[in-house]
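Each chain, written out:
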Amino acid sequence: MVTGEHKLIAEHITRWFTSEDGVRLMALEDFNLKVNQGEVVALIGPSGCGKSTFLRLVAGLDEVQEGTLTYDGQPITAPDPNRGFVFQQANLYPWLTVEKNVAFGLKANKVYKEKKPRVQEMIDLMGLTGFEKSYPHQISGGMAARVAIAQTLVMDPEVILLDEPLSALDAFTRAVIQDEILKMVDRFHPIVLLVTHDIEEAVYLSDRVVVLSPRPGTNVADIKIDLPHPRDRISPEFIAKRHEVLDALDFE
Ligand SMILES: Nc1ncnc2c1ncn2[C@@H]1O[C@H](COP(=O)(O)OP(=O)(O)OP(=O)(O)O)[C@@H](O)[C@H]1O
Ligand SMILES: [Mg+2]
């Protein structure tokens, strides 16, 4: 469900990094993105084109040098529990159980008391029921990825930043978690920015696929995926969308 006006607005975003010998490396140049409440947007583009850099900016972990980045009309200047980040590597606390890993952010933000029931809810939603008392070394990689997602979602973020969270998983586990992500989107209507190298994943999950150019990353295409859910990965419409994205990624 996509509603209302643009909530997240990135205009003319430029971010560069300066090396020790003073050489400027442009990561993003004049990148633009407007996202509505409840919209799932996939960002896809060649390695090094600034996708993770952009997610870090939206998370408030880094600052823009040029351009403006606002959420709900306010400039993004610092991290906020409202904007949750799921990193590529599941970053679990090895000394905490699954349950305590999921609850960690609630405790750190002093909202555990009121939101305690959300912990079990997220564990169930991510298919981790029965593993509440397990430690990270006792669960599979796919389960660890799900715990990492639950850890972020339990905070009920309004913006969810997913940086290739499923890239290390096998195709089957990946498909299971993709459906869990869709269930979550259907229930909570967050903004989701999903970085992925997997065109099928982008077309399966998102309302729009934004294609970035090779570094410095800028907008190349914005492809609307208006297929109803659940999507059939082998339908002609689905395959046509995959081709459209693939064509936009053909930079030669
Ligand atoms: N902290 C940093 N210091 C210096 N250079 C950086 C820093 N972070 C990113 N870069 C550079 O900025 C460019 C964009 O990096 P970024 O990680 O955003 O790419 P990406 O699109 O996420 O790539 P990938 O698909 O490989 O994850 C790269 O050339 C990278 O080397
Ligand atoms: Mg990256």
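From a predicted model like this one, the values you see are computed outputs, not experimental measurements. (Residues numbered from 1 in each chain as written. Chains lettered and ligands numbered in written order. Predicted model: local features only at pLDDT ≥ 70, side-chain atom pairs only at ≥ 80, totals over all residues. Heavy atoms only, no water.)

The full count for this structure, using the stated rule, is 15 salt bridges. Its salt-bridge partner being Arg 118, residue Glu 121 comes within 3.1 Å of it at the nearest N-O pair. Note that Glu 121 and Arg 118 are positioned in helix H3 (residues 112–125) at a spacing of three residues, about one turn of the helix. (Salt bridge = Lys/Arg side-chain N within 4 Å of Asp/Glu carboxyl O. Helix = DSSP H or I, 4+ residues; strand = E, 2+ residues; numbered from the N terminus.)

Moving on to the packing of aromatic side chains. Scanning the model with the defined rule gives four aromatic pairs in all. Centre to centre, the rings of Phe 31 and Phe 54 are 4.9 Å apart; their planes meet at 75°, and the pair counts as edge-to-face. With Phe 31 in strand S2 (residues 24–37) and Phe 54 in helix H1 (residues 51–59), this pair connects stretches of sequence that are 23 residues apart. Residues Phe 31 and Phe 54 agree in their burial class; the two are buried. Among the aromatic side chains, those forming a connected cluster through ring pairs are Tyr 93, Trp 95 and Phe 104. It is Arg 24 that lies over the ring of Trp 16; its NZ or CZ is 3.6 Å from the centre. Its guanidinium or amino end placed over the ring of Tyr 112, Lys 107 lies 4.6 Å from that ring's centre, counting from NZ or CZ. (Phe/Tyr/Trp six-rings, centres within 6.5 Å; stacked < 30°, edge-to-face > 60°. Buried < 20%, exposed > 50% of the residue type's maximum accessible area, 1.4 Å probe, protein only. Lys NZ or Arg CZ within 6 Å of the ring centre and 35° of its normal.)

On to the site of ligand 1. If you check the shell around ligand 1, you find 13 residues, and the closest are Ser 47, Gly 48, Lys 51, Ser 52 and Thr 53. Here an oxygen atom of ligand 1 and a backbone polar atom of Cys 49 are 3.2 Å apart. Protein coverage of the free-state accessible area of ligand 1, which is 630 Å², stands at 60%. Contributions of two or more residues to the shell around ligand 1 are made by S2 and H1. Looking at the shell around ligand 1, the element that brings in the most residues is H1, giving three residues. Considered class by class, the residues forming the shell around ligand 1 number four nonpolar, six polar and three charged. (Near = heavy atom within 4 Å. Polar contact = N/O pair within 3.5 Å; in protein donor to acceptor, adjacent residues only side chain to side chain. Areas by Shrake-Rupley, 256 points an atom, 1.4 Å probe, with all protein chains shown as cover. Nonpolar A, V, L, I, M, F, W, Y, C, P; charged D, E, K, R; others polar.)

Counting 51 residues, the largest nonpolar core has Val 102, Met 122, Ile 149, Ile 181, Val 209, Val 211 and Val 245 as its most contacted members. Considering every element that reaches this core, the biggest residue donor is helix H4 (residues 141–153), with eight residues. Each of two domains, domain 1 (1–82 + 158–168 + 190–252) and domain 2 (85–156), supplies a minimum of three residues to this core. Within the second largest apolar cluster, 26 residues are counted, among which are Leu 8, Leu 43, Leu 57 and Leu 193. (Core = buried A, V, L, I, M, F, W, Y, C linked by side-chain atoms within 4.5 Å. Domains from an automatic or database assignment.)

Now for the domain arrangement of the protein. Each domain of the protein was delimited in the assignment, giving domain 1 (1–82 + 158–168 + 190–252) and domain 2 (85–156). Counting residues at the interface gives 15 residues for domain 1 and ten residues for domain 2. Across the domain 1/domain 2 interface, buried area totals approximately 970 Å², and carbon plus sulfur atoms make up 64% of it. The largest contributions to the domain 1 side of the interface with domain 2 come from Pro 81, Asp 163 and Pro 165, which together make up 37% of the buried area. On inspection of domain 1 and its partner domain 2, the count reaches zero salt bridges. Where domain 1 meets domain 2, there are two residue pairs in polar contact (both at pLDDT 80 or more). If you list the elements that add at least two residues to the side of domain 1 that touches domain 2, you get H1 and strand S7 (159–163). (Contact = heavy atoms within 4.5 Å. Buried area = accessible area lost by both parts, 1.4 Å probe.)

So, about the side chain of Arg 231. Locating Arg 231 in the fold gives a position in the loop between strand S10 (219–224) and helix H7 (236–248). In this structure the side chain of Arg 231 is engaged in a polar contact, spanning 3.1 Å, whose partner is the backbone oxygen of Ile 225. A polar side-chain atom of Arg 231 sits 3.5 Å from a polar atom in the side chain of His 229. In this structure, Arg 231 is in contact with Val 203, Tyr 204, Leu 205, Ser 206, Ile 225 and Phe 238, ignoring residues within four places of it in sequence.

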